[in-house]
Amino acid sequence: MSGVQPEKSRGRRGKAVCALLLATSVLALLRPAPLHAQETELRGEVSESAILSDQQRKARNLVLAQQAAQAAQDNAPARTYLPASAGAVPDDTDAPNATTSVFDPPQAGDDTAAADTPAPPKPRRAPRQSAADKAKDKAADKSKKKKTTTAATDSTTTATTGKTATTDDTDSSAADQEAANRRALTIDSVDKQKLDPGAERTAAIEGQNKKAEDDPFAATGVKWGSFVIRPTIEQGLTATTNGDSSSAGTSAVLSETALRFTAASDWRENSATIDGYGTFRETVSGYPVHDAQGRIEGQLNVDLDNELRAIAKLGYEAVPESASSPDAIAGVSTQPLRQTIDGSVALEKAVGKMQYTLTGAVSHDFYGDAKLSDGTSLSQKDQDNTLYTATLRTGYEISPALTPFTEIEVGRRAYDQRIDNEGFERSSTRLGARAGLQLDMGEKLSGEFSAGWLREAIDDKSLEAISGATVNADLKWSPERGTTIGLTGKTTVETTTTSGESGDILYSGRLTGERLIRANLTANAALGLDWRDYVGIDGHDRILSAEAGLTWWLNRYAGLTSRVRTEKLTSNLPGRDYTANSIYLGVKVQR
């Protein structure tokens, strides 16, 4: 028995301690806790909407206080705020001051309450605001300032205005609440917005596709003042069976050099062109040949008033007399050099569909001395002459592509030596008429052709007048891109100082073709037919020729060229027949 009693007394003391603790806990729970505990941060972080509403409420209370002070100064009783509906404001006279905030500490009622009230805890650091929250706060501040300014200005608002303001404040609070509850945008939302099509990045200029050149191996030219000059030089060797294309010619190897150039102006309105060439042939081995020839010609186009257009031409040519010419001198080491200076001025005018052209031309030929085999020279001054012509052309434009025309030509040939060495008076009067058609179909077909009659009456009655049909043509046809076919024809009156002869009429025709096989490979071919009809004697010459060539451009500036040519003259006059075959290989450089 005695061993059990201590355990019972220890159990009673434990129960008493438990009962005391339970009573203390109940007493603590029954003691009223200050409401301020619920107003502090113990309940957690305060939402931004609550902060915004509190700030707006303070602003409204401040405005109302200002209105009341203004009303007191004016000795007018301040109007009591009446809610729009009953029960909008609680009837609690013990409610805290209207100017208090949820963040203000509670007021102590007595000493006991002040003693029992614990000190407010140290406020926590405000959480870092995001970019979206800062934007919302900034918008709210602007809205608050706007409302404050509006309320302060309207100090004499009536009761009805007060009701309206209250309604506006309520709507504004609802809008602010909605803005506060709106979902914030993500940080990268701006980057995900669709770009303006006009602001899209454009590709680099260097990366754009360039238009292919029509002729990538054409000469680029050299700028000189207001002209663009395109020079060309060609050097090569010719192997021929007839060195000078005569009945007495033999085989030879010749060195040939050819210089050519074209110059075109880049003026805005008028235009000018200059063309020239020069060829030099020298024997390397075989039949001796030493000759040089060339020509330069310029053209100026000027637009005048009253729809007039002026075209002026001026040229110079130096060519040795051909060994196959009817005026060639036999038994000479060097044929005489024939030089020609020619010029013309034309005026064009269009009246409706009618087109008129008046052209005046002058051509002067003068000859050098012929060097004989014995070292002496023979003068050819009696062949010097000047030809003056005037041509009136009238056309009617049926369509932009077709314009038929007629031409009337009058002229006078005057010899510097009125009576030649044989005693003949060679000066003559010229008269001709032609009719033709001008074509303009763009690159497909362009040019003109005409046919007519020409007569040149010599002053010496003992010599027969030179007369005959005339045919002239200059046409270009392109059946497909890269292929050009040309047809040229010309009728020329050739004079002579041979005793008893008046001269001859030479008809020349050429059919040419050019084909662009590749961008850097061009093929060309030509067929020629010449017919010479002598006047005063029963004689004629026929000349047939054919030529084919290739030009291979290594680059834009240099290329290789070659051609093969054959020519044959057949005549019913003795000692004039000949045949010449040749092949040429050279290098061509252009700029």
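Reading the values: the criteria
Every chain begins its residue count from 1, and numbering advances along the sequence as written. Totals for whole chains, interfaces and linings use every residue, but because this is a predicted model, local features are given only for residues with pLDDT of at least 70 and side-chain atom pairs only at 80 or more, for both listing and counting. Here the side-chain values reflect all heavy atoms present in the structure, with hydrogen atoms and water set aside. A run of H or I in DSSP becomes a helix once it reaches four residues, and a run of E becomes a strand once it reaches two; helices and strands are each numbered from the N terminus. Each residue gets one of three labels from its accessible area relative to the maximum for its type: buried under 20%, exposed over 50%, partly exposed in between, using a 1.4 Å probe on protein chains only. Between two residues, a contact is recorded if the distance between any of their heavy atoms is within 4.5 Å. A 1.4 Å probe and the Shrake-Rupley method give the accessible areas. Residues count as covered only by the protein chains that appear here. Stacked, tilted and edge-to-face are the three classes assigned to paired rings of Phe, Tyr and Trp, where Trp is represented by its six-membered ring and a pair needs centres within 6.5 Å; plane angles under 30 degrees give stacked, over 60 edge-to-face, the rest tilted. A positively charged side chain is recorded as over a ring if its NZ (Lys) or CZ (Arg) lies within 6 Å of the ring centre. The angle to the ring normal must also be within 35 degrees. Polar contact is the term for a pair of N or O atoms within 3.5 Å; when the atoms are in protein, one must be able to donate a hydrogen and the other to accept it, and sequence-neighboring residues count only if both atoms are side-chain atoms. When DSSP finds two or more bridges between two strands, those strands count as paired. By nonpolar core is meant a set of buried Ala, Val, Leu, Ile, Met, Phe, Trp, Tyr and Cys residues that side-chain atoms within 4.5 Å join together. Put simply, a salt bridge is a Lys or Arg side-chain nitrogen that is within 4 Å of an Asp or Glu carboxyl oxygen. Patch membership is restricted to residues that have no salt bridge and whose relative accessible area is over 30%. Joining uses 9 Å for like charges and 5 Å for the nonpolar side chains Val, Leu, Ile, Met, Phe, Trp and Tyr. The pLDDT score gives, residue by residue, the confidence of the prediction method on a 0 to 100 scale.

Points about the overall build of the protein
- Within the protein one finds six helices and 22 strands.
- Sorting the 591 residues of the protein into buried and exposed places 25% on the buried side.
- Within the protein, residue pairs in contact and separated by at least 24 positions form 56% of the contacts whose partners lie at least 6 positions apart.
- Summed over all atoms, the accessible surface of the protein reaches about 39,200 Å², with 58% contributed by carbon and sulfur.

Here's the deal with the packing of aromatic side chains
- Scanning the model with the defined rule gives one aromatic pair in all.
- The lysine or arginine in question, arginine 393, covers the ring of phenylalanine 405, its NZ or CZ lying 3.6 Å from the ring centre.
- The positively charged end of arginine 563 is found above the aromatic ring belonging to tyrosine 584, 4.1 Å away from the centroid.

Digging into the side chain of glutamine 335
- Within the secondary structure, glutamine 335 is located in the loop between strand 7 (332-334) and strand 8 (337-351).
- Residue glutamine 335 is classed as buried on the basis of its relative accessible area of 18%.
- Polar contacts involving the side chain of glutamine 335 include one to the main-chain carbonyl oxygen of isoleucine 329, which spans 3.0 Å.
- Discounting residues that sit within four places of it in the chain, glutamine 335 has contacts with Glu321, Ala328 and Ile329.

Topic: the sheet that holds strand 7
- If you trace the three strands from one edge of the open sheet to the other, you get 7-10-11, paired in antiparallel fashion. The two strands at the open ends of the sheet, each matched to only one other strand, are strand 7 and strand 11 (377-378).
- One ladder, built from two bridges, connects strand 10 (residues 370-372) with strand 11; its direction is antiparallel. Across the sheet, the residue bridging to alanine 370 is leucine 378, located in strand 11.

Observations regarding the nonpolar core
- Grouped together as the largest cluster of nonpolar side chains are five residues: Leu454, Ile466, Val493, Ile505 and Val535.
- Setting aside its immediate chain neighbours within four residues, valine 535 contacts Glu464, Ala465, Ile466, Glu501, Ser502, Gly503 and Asp504.

Describing the pairing of strand 2 (residues 227-240)
- Where strand 1 (residues 222-224) meets strand 2, three bridges bridge the pair, whose relative direction is antiparallel. Each bridged residue has a counterpart across the sheet, and for tryptophan 224 the counterpart in strand 2 is phenylalanine 227.
- Adjacent in sequence and paired antiparallel, strand 1 and strand 2 are bridged by two residues, among which glycine 225 carries a positive phi angle near 65 degrees.
- In the sheet, strand 2 pairs with strand 3 (residues 252-265) via 14 bridges, with the strands oriented antiparallel. Bridge pairing in strand 3 places leucine 237 opposite serine 255.
- Direction of pairing for strand 2 relative to strand 22 (residues 578-590): antiparallel, over a ladder of nine bridges.

So, the environment of alanine 519
- Mapped onto the elements of the fold, alanine 519 is located in the loop between strand 18 (503-518) and strand 19 (521-535).
- With 37 residues separating them along the chain, alanine 519 and glycine 482 place their C-alpha atoms 9.4 Å apart.

Points about the pattern of salt bridges
- Taken as a whole and assessed by the stated rule, the structure comprises 27 salt bridges.
- Here arginine 309 ties to aspartate 303 by a salt bridge, and the two come within 2.7 Å at their closest N and O atoms.
- Arginine 418 serves as the salt-bridge partner of glutamate 425, at 3.3 Å between the closest nitrogen and oxygen.
- Take glutamate 425: its relative accessible area is 25%, and that puts it in the partly exposed class.
- The exposure class of arginine 418 is exposed, given its relative accessible area of 52%.
- One network of salt bridges, in which partners are shared, links Arg393, Glu407, Glu409, Arg413, Arg430, Arg434, Glu448 and Glu456.

Quick word on a nonpolar patch on the surface
- Taken together, Ile233, Leu259, Phe280, Trp552, Leu554, Leu560, Val587 and Val589 make up a surface patch of nonpolar side chains, about 680 Å² in accessible area.
- Assignment of secondary structure puts valine 587 in strand 22.

Structural notes on the pairing of strand 20 (residues 540-553)
- Sheet analysis places strand 19 next to strand 20, joined by 13 bridges and oriented antiparallel. When the sheet's bridge partners are listed, glycine 528 is paired in strand 20 with serine 545.
- Linkage of strand 19 to strand 20, two consecutive antiparallel strands, is achieved through a turn of four residues, within which glycine 536 is found at a positive phi near 100 degrees.
- Looking at chain direction, strand 20 and strand 21 (residues 558-571) are connected through 13 bridges and run antiparallel. Among the inter-strand pairings, arginine 542 is bridged to a residue of strand 21, identified as threonine 570.

Details of unusual backbone geometry
- The backbone phi angle of serine 245 is positive, close to 55 degrees, even though this residue is not glycine.
- Positionally, serine 245 belongs in the loop between strand 2 and strand 3.
- Judged by its relative accessible area of 22%, serine 245 falls in the partly exposed class.
- Of note, glutamate 307 is a non-glycine position whose phi angle comes to about 60 degrees, a positive value.
- Mapping glutamate 307 onto the fold places it in the loop between strand 5 (290-303) and strand 6 (308-320).

Some thoughts on the side chain of threonine 491
- Tracing the backbone through its elements, the reader meets threonine 491 in strand 17 (residues 483-495).
- For threonine 491, a relative accessible area of 13% corresponds to the buried category.
- In this structure the side chain of threonine 491 is engaged in a polar contact, spanning 2.9 Å, whose partner is the backbone nitrogen of valine 471.
- With residues near it in sequence (within four places) discarded, threonine 491 still touches Ala469, Thr470, Val471, Asn472, Ile505, Leu506 and Tyr507.

Considerations on the confidence of the model for the protein
- Per-residue pLDDT for the protein averages 80, and the proportion of residues at 70 or more is 71%.
- Every residue in residues 1-7 is under pLDDT 50, and counting partners more than four places away or in other chains gives zero contacts.
- Counting contacts from residues 33-43, a segment whose pLDDT is below 50, to residues more than four positions away or on other chains yields 11 contacts.

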